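# Fold and contact review
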Amino acid sequence: ETAAGHTPRGVPSLIVRRALVDLAAGDRAGFDRNRLEVELEWEQTRAADIGAAALNTRIVHARLEGRWDDALLAADRYLEENPDDPDAQQIWAAHQVGIHREIGRTADLVSLVESMIEADPGLGHFRLGLAAPYLDSGRFEEAAQIVCELARPGLPDLPRDATFLLRLTVLAEAVAVV
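Every chain is numbered on its own, with residues counted from 1 as its sequence reads. Confidence filtering applies because this is a predicted model: local features only for residues at pLDDT of at least 70, side-chain atom pairs given and counted only at 80 or more, and all residues used for totals across whole chains, interfaces and linings. In computing side-chain properties, one takes all heavy atoms of the structure into account and sets aside hydrogens as well as water.

### A short note on the overall build of the chain
Quick reminder of the rule: Only DSSP runs of H or I with at least four residues qualify as helices, and only runs of E with at least two residues qualify as strands; both kinds are numbered from the N terminus onward. Exposed residues in this analysis have more than 50% of their type's maximum accessible area, buried residues have under 20%, and partly exposed residues fall in between, with area computed by a 1.4 Å probe over protein chains only. Here, two residues are considered to be in contact whenever any of their heavy atoms come within 4.5 Å of each other.
Each helix and strand in the chain was counted, giving eight helices and zero strands. Mapped from its N terminus to its C terminus, the chain presents α and β elements in the order α-α-α-α-α-α-α-α. In the chain, which comprises 178 residues, the share counted as buried stands at 35%. Counting contacts in the chain only where the partners sit at least 6 residues apart, residues at least 24 apart contribute 48% of the total.

Printed below as a string of structure tokens:
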């Protein structure tokens, strides 16, 4: 565990607990064995995180350079290479909305986002992803409905994750337009 008491993402906390139990019991060999397992898991996780960050950076660079096809392919690759990352689908969707808005094809995303929400009702916060396409295609009443549902005090329906600030930006734009 870190000094702050957090278990590194990807490292099973059970391993950390076993190591601490071994240490408390004076079992130095058990502690070392578990510590090595934690270090191996940490290195693998760190390497995966670095790879994901590098791929995400490639997506952003392709977008900044106007290489839309490269950005879309890299976003798809990001999702494929991070199937167990809970933020990967949201990051992919955020890039999809951003790229499609930049190339003027936001309306293409409406059915995609609607099908994602229908497939997993727990993704209700993805409805915010419909606000931009609705605004871009003049569907202001539908965008306003989303704003009313999500812009409640404290924003309880917006998960505090890797895309929270992006969601706030989209929500702020929708509020300003509607």
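### Quick look at helix α6 (residues 128–136)
Counting buried positions along α6 yields seven of nine residues, so the element is predominantly enclosed. Buried within α6 are the following residues: L128, L130, A131, A132, P133, Y134 and L135.

### Considerations on the packing of helix α5 (residues 110–119) against α6
To describe two helices that pack against each other, one gives the angle between their axes and the distance between the axes. Stated precisely, the cut-off is as follows: To get an axis, a line is fitted to the C-alpha atoms, and for a helix only the part in contact is used. The angle between two axes follows their N-to-C directions and goes from 0 to 180 degrees. By definition in this entry, angles of less than 35 degrees are roughly parallel, angles greater than 145 are roughly antiparallel, angles of 65 to 115 are roughly perpendicular, and the rest are oblique. Should the near helix be turned anticlockwise from the far one by less than a right angle, the crossing is termed left-handed; should it be turned clockwise, right-handed. Note on residue classes: Ala, Val, Leu, Ile, Met, Phe, Trp, Tyr, Cys and Pro are nonpolar, Asp, Glu, Lys and Arg are charged, and everything else, Gly too, is polar.
Running from N to C, α5 and α6 cross one another at 160 degrees; their axes reach a closest spacing of 9 Å. Compared by their axis directions, α5 and α6 come out roughly antiparallel. Considering only the axes of α5 and α6, their crossing is left-handed. Contacts between α5 and α6 involve V110, V113, E114 and I117 on the former and, on the latter, G129, L130, P133 and Y134. The residue makeup of the contact of α5 with α6, split by class, is six nonpolar, one polar and one charged.

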